[in-house]
Amino acid sequence: MVLNNFFDKFIFTSQLRFKDSNFFVLDIPFVIVPVDILLGFSELDDPVINKAVYYAYKTSTLKKLIPKFQAGATRPKFLDLAQAFFGASGWGISKNIQIDEVNHRAVVVVSHSPLARILQGKAMRPVDHYTRAILAAIYTAYFETNVECVESECMALRPGDCTFVLKPLNEFDFTKDETQRQLSLNS
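Throughout what follows, the structure given in this document is the object of discussion. Position labels on residues start from 1 in each chain and follow its written sequence. Per-residue local features of the predicted model are confined to residues with pLDDT of at least 70, and side-chain atom pairs are confined, for both listing and counting, to 80 or more; whole-chain, interface and lining totals are unaffected and use all residues. With hydrogens and water stripped out, all remaining heavy atoms of the structure feed into the side-chain values.

## A few points about the sheet that holds strand E2 (residues 22–25)
Logical step 1: Reading across the sheet, the three strands line up as E1-E2-E3 and stay open at both edges, with antiparallel pairing between neighbours. Of all the strands in the sheet, the pair left with one neighbour each is strand E1 (16–19) and strand E3 (28–30). Strand-to-strand twist in this sheet, taken as the mean axis angle between neighbours without regard to direction, amounts to 35 degrees.
Logical step 2: DSSP bridges decide pairing: two strands pair if at least two such bridges lie between them. Think of it this way: any DSSP run of H or I at least four residues long counts as a helix, any run of E at least two long counts as a strand, and we number them from the N terminus. As defined by bridge partners, E2 adjoins E3 across three bridges and the pair is classed as antiparallel. Each bridged residue has a counterpart across the sheet, and for Phe23 the counterpart in E3 is Phe30. An axis is simply a line fitted to the C-alpha atoms; with a helix, the fit covers only the stretch in contact. Between two such axes, the angle follows the N-to-C directions and lies from 0 to 180 degrees.

## What about the environment of Thr59?
Logical step 1: As for its placement among the helices and strands, Thr59 is situated in helix H3 (residues 47–70).
Logical step 2: Burial here depends on accessible area, computed with a 1.4 Å probe over protein chains only, as a share of the maximum for the residue type. Under 20% is buried, over 50% is exposed, and the range in between is partly exposed. Using a relative accessible area of 38% as the deciding quantity, one classes Thr59 as partly exposed.
Logical step 3: In this structure the C-alpha to C-alpha distance between Thr59 and Ala133, which are 74 residues apart in sequence, comes to 8.2 Å.

## Brief notes about the packing of H3 against helix H6 (residues 129–143)
Logical step 1: Relative to each other, H3 and H6 sit at 40 degrees, their axes nearing to 8 Å. As summarised for this structure, H3 and H6 are arranged oblique, according to the angle between their axes. For the crossing formed where H3 meets H6, the hand is right-handed. Only His129, Tyr130, Arg132, Ala133, Ile134, Ala136, Ala137, Ile138, Thr140 and Ala141 of H6 make contact with H3, whose side of the interface consists of Asn50, Val53, Tyr54, Tyr57, Lys58, Thr61, Leu62, Ile66 and Gln70. Here is the rule for angles: anything less than 35 degrees is roughly parallel, anything more than 145 is roughly antiparallel, 65 through 115 is roughly perpendicular, and the remaining ranges are oblique. Each crossing gets its hand from how the near helix is turned against the far one by less than a right angle, where anticlockwise is left-handed and clockwise is right-handed. Two residues form a contact once any of their heavy atoms are found within 4.5 Å.

## Some details on the pattern of salt bridges
Logical step 1: Any carboxyl oxygen of Asp or Glu within 4 Å of a side-chain nitrogen of Lys or Arg constitutes a salt bridge here. According to the stated counting rule, one finds seven salt bridges in the structure shown.
Logical step 2: Between Asp45 and Arg181 there is a salt bridge, and its shortest N-O distance comes to 2.7 Å. Of this pair, Asp45 sits in the loop between helix H2 (35–44) and H3 while Arg181 sits in helix H7 (residues 177–182), and the two are 136 residues apart along the sequence.
Logical step 3: Of the residues examined, Asp45 reaches a relative accessible area of 32% and is grouped as partly exposed.
Logical step 4: Its relative accessible area of 15% is what places Arg181 among the buried residues.

## Section: helix H4 (residues 75–88)
Every α-helix carries 3.6 residues per turn, so stepping three or four residues along brings you back to the same face.
Logical step 1: Expected helix span is taken as 1.5 Å per residue step, with the number of steps being one fewer than the number of residues. When the terminal C-alpha atoms of H4 are compared, their 20 Å separation across 14 residues agrees well with the 20 Å that a helix rising 1.5 Å per residue should span.
Logical step 2: Those residues of H4 lying buried are Phe78, Leu79, Ala82, Gln83, Phe85, Phe86, Gly87 and Ala88.

## Some words on the sheet that holds strand E6 (residues 148–153)
Logical step 1: Across the sheet, which stays open at both edges, the four strands sit in the order E4-E5-E7-E6 with antiparallel pairing between neighbours. Here the strands that pair on one side only, and so sit at the sheet edges, are strand E4 (93–100) and E6. Taking each pair of neighbouring strands and ignoring which way they run, the sheet shows an average axis angle of 25 degrees.
Logical step 2: By the bridge criterion, five bridges tie E6 to strand E7 (residues 162–167) in an arrangement that is antiparallel. For Glu153, the partnering residue across the bridge sits in E7 and is Thr163.
Logical step 3: Its contacts with the sheet place H6 against E4, strand E5 (105–111), E6 and E7, and it is angled at close to 140 degrees to E5.

## Notes on the packing of H3 against H4
Logical step 1: At their nearest, the axes of H3 and H4 sit 9 Å apart, and the two run at 120 degrees to each other. If you check the angle between H3 and H4, you find them oblique. Crossing of H3 against H4: the hand is right-handed. In this structure, H3 uses Ile66, Phe69 and Gln70 to contact H4, whose residues at the interface are Phe78, Leu81 and Phe85.
Logical step 2: Ten residues, namely Ala, Val, Leu, Ile, Met, Phe, Trp, Tyr, Cys and Pro, are considered nonpolar, four, namely Asp, Glu, Lys and Arg, are considered charged, and the remaining ones, Gly among them, are considered polar. Of the residues contributing to the contact of H3 with H4, the split by class is five nonpolar, one polar and no charged.

## Considering the nonpolar core
Logical step 1: By nonpolar core we mean a set of buried residues, namely Ala, Val, Leu, Ile, Met, Phe, Trp, Tyr and Cys, connected to one another through side-chain atoms within 4.5 Å. Among the nonpolar cores identified, the biggest contains 49 residues, and Phe78, Leu135, Ile138, Tyr139, Leu166 and Leu183 are the most heavily contacted of them.
Logical step 2: For this core, the secondary-structure elements that each account for two or more residues are H2, H3, H4, E5, helix H5 (114–118), H6, E6 and E7.
Logical step 3: Those residues within four positions of Ile138 in sequence are excluded, and the remaining contacts are Ile66, Phe78, Leu79 and Ala82.

In structure tokens:
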């Protein structure tokens, strides 16, 4: 094994390459980023900044990355590929706990979140805003309707996994503090 089971397949088929000082997998440019660099926003515990990060990453992922993963893939295959890429890229291992395709809802558990792990015992609130954004983009594409994501349980706050709830914005309870801290009612 050179990297991990997911990326090894791309290495051996020459679909993962390093060209002009940049990495590419399936012609998608990517970088290897130390988690410490990403901690800056997560440590701020500022709902305005966290929402800005969430919505910017969700939009970028949805518009720029997701179409490259969807090309020629069935919906289930797209979801499998997106989750495999997510895990192989070091974001943690995601598991679909519940998927309700009719009502556009999902509950996803992520084990081994690198941000939450580093901030365990130091955070006062859920910290996985990048992960929320990526999951919201993946499931918006999967359901073919806009969904948002709230992290309801975070490994940074207690031992265990992180739990993410995805559903249409109007189904979230905005009387709850954590919903207000993570989402904008007028997104």
